[in-house]
Structure formats: structure tokens, C-alpha cells
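This is what each chain is made of:
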Amino acid sequence: MSENAAKIRTVLKEHARLNRDADTLSDDSDLYQAGMTSHASVNVMLALEGEFDIEFPDHMLKRSVFESVGAIVSAIDELTEGR
Amino acid sequence: MTTRSAIKTSTLLAQTAAIASDVAARHAADVDSKSRFPQETFDALRQARLLSAAVPAAYGGVGAGMLELGAQCAALAQGCGSSGMVLAMHHIQVACMARHGRDSAFFERYLRENLVERQELVASITSENGTFGDTRSSVCAIAIDKDRMSLEKDATTVSYGAHADAQLVTCRRTADAAASDQVLVLFEKGSYTLAQTGTWDTLGMRGTCSPGAKFAGNGAAGQILPGSFADSSAQTMVPYSHILWSALWSGIAADAIGRAAAFVRAGARKNPGSVPPNAIRLARAHVELQAMRNNWEACAIEFDEMTASDDQAARETLGTMGWALKMNQLKMACSEVAPRLCHEALQIIGIMGYKNDSPFSVGRHYRDVLSAALMVSNERIAAKSASMLLVFKDD
Ligand SMILES: Cc1cc2nc3c(=O)[nH]c(=O)nc-3n(C[C@H](O)[C@H](O)[C@H](O)COP(=O)(O)OP(=O)(O)OC[C@H]3O[C@@H](n4cnc5c(N)ncnc54)[C@H](O)[C@@H]3O)c2cc1C
């Protein structure tokens, strides 16, 4: 498990209000099916922006970008590339 | 048809405007006072084959875009607000099926045979006891047994449920799915029961006939709309609802302001040479009416441009926060300005507007648009926007 994926799981545990433990989710498990509402997803975004010191541009603020741990990893990779 | 000038020559619109003035307006007071379904209006719309306006031409429908549908709902609402609302709600359900049922043999047949050939009317059951007005969560879940399914739902508000030919219902995808993991399911008349649980004796929108009801239905698994309600809600149900509702509220407000204008003109004719004092108030009201129209029309045109190709990119854009915020802002703006405009019309007209049996009466208009801010609570919508604005940058 990559370092970022572990940090993302910690954020999910705290903010996504999932109906199961984020550690039991695979990288491509659907977070919405695991109970994340759109309201909870905003808290996840805020926490990720704080944790990784990034800002998600508006075009990334859509369901598919936050639908799984794997999708979030690629979004963060894209925003931190070249750092 | 995505331009305002093209709309002016729309036959769909001309036919609807004729039904609005010849049929809907004539029965509007009776529909309102008896709280009854506007049957005459819907018989006329069915006869003119206008109930399939939102069905794509590929299935034999008119294939009207959002701007044309909005203009149609506004035109009908000028004659009868409840009729405009029923037509808008029907189009919303049809659009969900047309835009998300394309890969399904069941829905393709339904669009062609039931909606176009037979001009059937579809109601919607999103509300539910226990979800407190949040359409994006459900308590009830569909029970699937091989290729059969069944569903029970305790709904708080079902418009024209008893007058519809089918119900499009939200529910959880499976018995163990999360509250927000929903699907839409279509039930045709004969495959469900709808037991009324309350009354619909309301301030306004009385002709929508929307009491609570206990729903129980069953059918084939193919009646579940493909994909998730998360997508059909963001890409279709929310934009169609908020744009078509805003359009019809503007139609109601326009009729109220139109009555005020007729009243002012009548006064002016008696005394040419001086501008009546209430004409100033009318001039100010027109500023808000124009802004209201431009607001929904701009959103409709943007939607039509975006969906002209209807590729994946367009659907993705409809799923962004930027678009969701725009829809929320449109709904909040129009639902708040419509009652204000009816109030202005009443101040301009005075006692002749306050009387229910006067040709300048605006009581029904005022009462009808008071539902706008409640029909998906503006407080709930504002809370969602507030939360999105914590991460949205408007960049
Ligand atoms: C004319 C009309 C026709 C309708 N037709 C249908 C239909 O065909 N099918 C259907 O399923 N439903 C229909 N509905 C119901 C509609 O979809 C909503 O479910 C309903 O209007 C919301 O009811 P509510 O006020 O109890 O809900 P809520 O949204 O729960 O609101 C209750 C109260 O809580 C407040 N509130 C809610 N959230 C917040 C928040 N976050 N912050 C602060 N305050 C908040 C609201 O302001 C309100 O005072 C219709 C409604 C109307 C008015």
C-alpha cells in the first residue's frame, strides 16, 4: 500500500462516514456504495486539501474523482506531480 | 432548438399556448377550488400528442430540448399553475427514462409504445417517510428474486398518483445497500397499488393532487432504470426539475404581472396624459420578471448546448459541483422571486386583485408559487450549496 493510499484511508475513516472500515476496502471499491454521501464527500475533499496541501480545481470536483481510493490517489498524484 | 428566436416559431409552443388559454385557464379556478386534477387540460394535451414532447425523435417523440420544454411549461402555467407543474413533473420522469434507459429494451419499448403511441402520464415517488425531504436517500429497498422484483414505499407526497399511468420510484438498490445507493424503478398501472394515506388540502398547487400514499408494486427486473440514481439525478432529474420548475413559476408570475399590467392600462385609458402612480411599481416588477426569465432560459440554453452531442464529457460536466451549484442557485432565485412578483401584482392591483372572483384576481397565483420554496426545501438546498462552496473555487 502506497503512503498516499494510507493517508487517504485515514481521511476516509474520519470523514467519509462509511458503513465499514476503510482498511477493508480495496483500491477500486466504490466509496459511494460503501455509504459516502455527497455531503460527506465534501468533508473528505476538505480534509484531503489540508492533508496534502493541495487545492482541487473545480473541474475535478465531481463524483468520479472521489469514487475510490485508487481514483483519489491518481487525482492527488496529478496535483502533486513535480513537487 | 436552442435559441430564443427559434422558440418563437415552435408549433409545440403555439399548440400549448392555445390549450393554456382555451382549456387550462377556463378550468383553473374550478381545479383550484375543488382541489381536483386538471383533467380537461391533460385530455387536450394528450389529444394534441404533446405529452411526448420530451421523448427523443428517435422514439417517435417531439424531441424538444430544455428551452422549448421550459417555454411550454411556462405557457401552460400562465393558464393554470397546477397544470404547468404536472406537465413539468411528467417531462422530468420521461427525460430520466429517455436519457438513462437507452441501453434497455424495456425502456426503449416503453418510450415508443406507452409514452408516444398511447400518450401516457408518469408520476414520481421520491419522497418517503423517514428521509425528511432528502431525495438522495431512501429507506425502502427493492427486493430482487431472479428476474422478478418487488418494492414497498411509504411516500409523503405523490402528485397526480391516482391519475397517472405509471410511477417512477426511487429506492435503495438492494436490501443491504447504503441509503444513498439508489436506483429508479418504473411500475406500470396494474402492477402496483397506491393507497392514499393523507389529504391534499393545501394553500396552492391544489390541482396537482399530491397526498401521501403507501405504494406496493412488483414486476420484472428489467424495469429498473440502468445505472445509478446518483447519475440520473445529477445529470437529468435535478437539471430538468430546477429548470422546468423555474420556467413554470415564471409563467405564473408573468400571468400575475400581466393582470397587473392590464389593470394599470385600464386606469391609464381613463386618464390619458398622466402616468398612473402604480405604473412605476409595475416598471420595477418588470425588472425582476425579466431577470427571472433570463435566469432559467440561460440555464436551459447552456443545458441544450451541452447535451447536443450528449457525449461522456457533457455528462461529466453535469456531474460537477459547478453545475450543481448553478442549478441550486437557479431554483432558489426563481422560487423566491415568484412570490415576490405575485405580491407586487397584488399591491399594484389592490382590492380587485385580492378578490377571488375578479378578472384581476392574483390569489391563486400567489398561493401556487408559495410552494416553490418548499418543493425541495430552499433551506436544505442552501445548506448543500454552502457545503459545496467550502471546496468550490469558481476558477
Ligand atoms: C406541489 C408539490 C408537489 C410535490 N410532488 C411530489 C411528487 O410528485 N412526488 C414526491 O415524491 N414528492 C413530491 N413533493 C414533495 C417534495 O419532493 C419534498 O419532499 C417536500 O416538499 C419536502 O417536504 P418537507 O418540507 O417536509 O421536507 P424537508 O426538506 O425535510 O423540510 C422540513 C423543514 O426542515 C427545514 N430544513 C430541511 N433541511 C434543512 C437544512 N439543511 N437546514 C435548515 N433547515 C432545513 C426546511 O426548511 C423545512 O422547514 C411535492 C411537494 C410539493 C410542494
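What counts and how
Residues numbered from 1 in each chain as written. Chains lettered and ligands numbered in written order. Predicted model: local features only at pLDDT ≥ 70, side-chain atom pairs only at ≥ 80, totals over all residues. Heavy atoms only, no water. Helix = DSSP H or I, 4+ residues; strand = E, 2+ residues; numbered from the N terminus. Rg over C-alpha atoms; globule rule 2.2 N^0.38 Å. Buried < 20%, exposed > 50% of the residue type's maximum accessible area, 1.4 Å probe, protein only. Contact = heavy atoms within 4.5 Å. Near = heavy atom within 4 Å. Polar contact = N/O pair within 3.5 Å; in protein donor to acceptor, adjacent residues only side chain to side chain. Areas by Shrake-Rupley, 256 points an atom, 1.4 Å probe, with all protein chains shown as cover. Nonpolar A, V, L, I, M, F, W, Y, C, P; charged D, E, K, R; others polar. Domains from an automatic or database assignment. Phe/Tyr/Trp six-rings, centres within 6.5 Å; stacked < 30°, edge-to-face > 60°. Lys NZ or Arg CZ within 6 Å of the ring centre and 35° of its normal. Buried area = accessible area lost by both parts, 1.4 Å probe. Salt bridge = Lys/Arg side-chain N within 4 Å of Asp/Glu carboxyl O. Patch = residues over 30% accessible without salt bridge, like charges linked within 9 Å, V, L, I, M, F, W, Y side chains within 5 Å. Lys, Arg positive; Asp, Glu negative; His and termini not counted. Charge placed at Lys NZ, Arg CZ, Asp CG, Glu CD. 1 Å grid on protein atoms, 1.4 Å probe; cavity = no way out; pocket = protein on both sides within 12 Å on 5 of 7 lines; lining within 4 Å. Points joined across faces, edges and corners; volume = space filled by probe spheres on them. Pairing = 2+ DSSP bridges. Axes fitted to C-alpha atoms, helices over the stretch in contact; angles between N-to-C directions. Expected span 1.5 Å × (residues − 1).

(A) Seen up close, the overall build of chain A. Within chain A, the secondary structure is distributed over 3 helices and 0 strands. Along chain A, helices (α) and strands (β) appear in the sequence α-α-α when read from the amino end. Radius of gyration (C-alpha) of chain A: 12 Å, near the 12 Å computed for a compact globule of 83 residues. The C-alpha extent of chain A, read off along each of the three principal axes, is 35 × 25 × 20 Å. Taking all 83 residues of chain A together, the buried fraction comes to 49%. Residue pairs in contact within chain A that sit at least 24 positions apart in sequence constitute 51% of those at least 6 positions apart.

(B) Broad picture of the site of the ligand. Residue and element names in this part refer to chain B. Taken together, 20 residues are adjacent to the ligand, and T126, S127, F132, T157 and S159 come closest. Contacts to the ligand include S127, whose backbone N or O atom sits 2.7 Å from an oxygen atom. R380 places a polar side-chain atom, nitrogen or oxygen, 2.9 Å from an oxygen atom of the ligand. Within the complex, the protein chains bury 66% of what would otherwise be the 960 Å² of accessible surface of the ligand. Among the elements of the structure, β1 (122–125) and α13 (378–388) are those that each provide at least two residues to the shell around the ligand. Its residues assigned to classes, the shell around the ligand shows 10 nonpolar, 8 polar and 2 charged. Each of domain 2 (123–223) and domain 3 (229–389) accounts for three or more of the residues forming the shell around the ligand.

(C) A look at the packing of aromatic side chains. On inspection of all chains with the given rule, the structure shows 11 aromatic pairs over all chains. A ring pair is formed by A:F56 and A:F66, whose centres lie 5.0 Å apart and whose planes are at 80°; its orientation type is edge-to-face. Pair noted here: A:F56 is in the loop between α2 (38–52) and α3 (69–80) and A:F66 is in the loop between α2 and α3, with a separation of 10 residues, a long-range link. When its relative accessible area of 1% is taken as the criterion, A:F66 is described as buried. Ring geometry for B:F37 and B:F42: centres 5.4 Å apart, planes at 35°, overall tilted. Here B:F37 matches B:F42 in class, with each residue buried. Taken together, the ring pairs connect B:F37, B:F42 and B:Y160 into an aromatic cluster. Residue placement shows A:R63 over the ring face of A:Y32; its charged tip is 3.7 Å from the ring centre.

(D) Expanded view of the interface of chain A and chain B. At the junction of the two partners, chain A supplies 19 residues and chain B supplies 19 residues. Buried surface at the junction of chain A and chain B, both sides included, amounts to about 1500 Å², of which 53% is carbon and sulfur. The residue A:E49 makes a salt bridge to B:K393 at a minimum N-O spacing of 2.6 Å. When grouped by side-chain class, the residues that make up the side of chain A that touches chain B number 8 nonpolar, 6 polar and 5 charged.

(E) How the structure looks around a negative patch on the surface. A surface patch of like charges, here negative, comprises A:D53, A:E55, B:D394 and B:D395. On the basis of relative accessibility, which here comes to 57%, the residue A:E55 falls in the exposed class.

(F) Empty space enclosed by the protein, seen in detail. Residue and element names in this part refer to chain B. Scanning the entire structure with this criterion turns up 1 cavity of 30 Å³ or more. Approximately 40 Å³ is the volume attributed to the largest cavity. Those elements that place two or more of their residues in the lining of the largest cavity are α2 (11–34) and α12 (363–369). It is α2 that provides the largest number of residues to the lining of the largest cavity, a total of 3 residues. Across the lining of the largest cavity, the residue classes break down as 3 nonpolar, 2 polar and 4 charged.

(G) Structural view of the domain arrangement of chain B. Residue and element names in this part refer to chain B. When its domains are assigned, chain B resolves into domain 1 (4–121), domain 2 (123–223) and domain 3 (229–389). Domain 1 puts 26 residues into the contact, and the matching count from domain 2 is 20 residues. Here domain 1 packs against domain 2, burying approximately 1800 Å² in sum over the two surfaces, 61% of which is carbon and sulfur. It is S35, Q93 and L121 in domain 1 that bury the most area against domain 2; as a group they hold 28% of the surface buried on that side.

(H) Region of interest: the side chain of B:E128. All names here are of chain B. With respect to the secondary-structure elements, E128 resides in the loop between β1 and β2 (143–145). No salt bridge is formed by the buried E128, whose closest oppositely charged neighbour, K153, lies at an N-O distance of 4.4 Å. At a separation of 2.8 Å, a polar atom in the side chain of E128 contacts the main-chain amide nitrogen of V139. Separated by 2.8 Å, the side chain of E128 and the backbone nitrogen of C140 make a polar contact. Dropping the residues within four chain positions of it, E128 is found in contact with S138, V139, C140, K153, D154, A155 and T156.

(I) Region of the structure containing the sheet that holds strand β3 (residues 148–155) of chain B. Residue and element names in this part refer to chain B. Pairing within the open sheet is antiparallel, and its 4 strands lie in the order β2-β3-β7-β6. Among the strands making up the open sheet, the edge pair consists of β2 and β6 (192–196). Here the average twist between neighbouring strands, direction ignored, is 10°. Where β2 meets β3, 3 bridges bridge the pair, whose relative direction is antiparallel. Counted as the bridge partner of I144 is M149 from β3.

(J) Looking closely at helix α10 (residues 321–349) of chain B. Spanning 29 residues, α10(B) covers 42 Å between terminal C-alpha atoms, matching the ideal 42 Å at 1.5 Å per step. One or two positions beyond α10(B), positive phi appears at B:G350, with a value near 80°.

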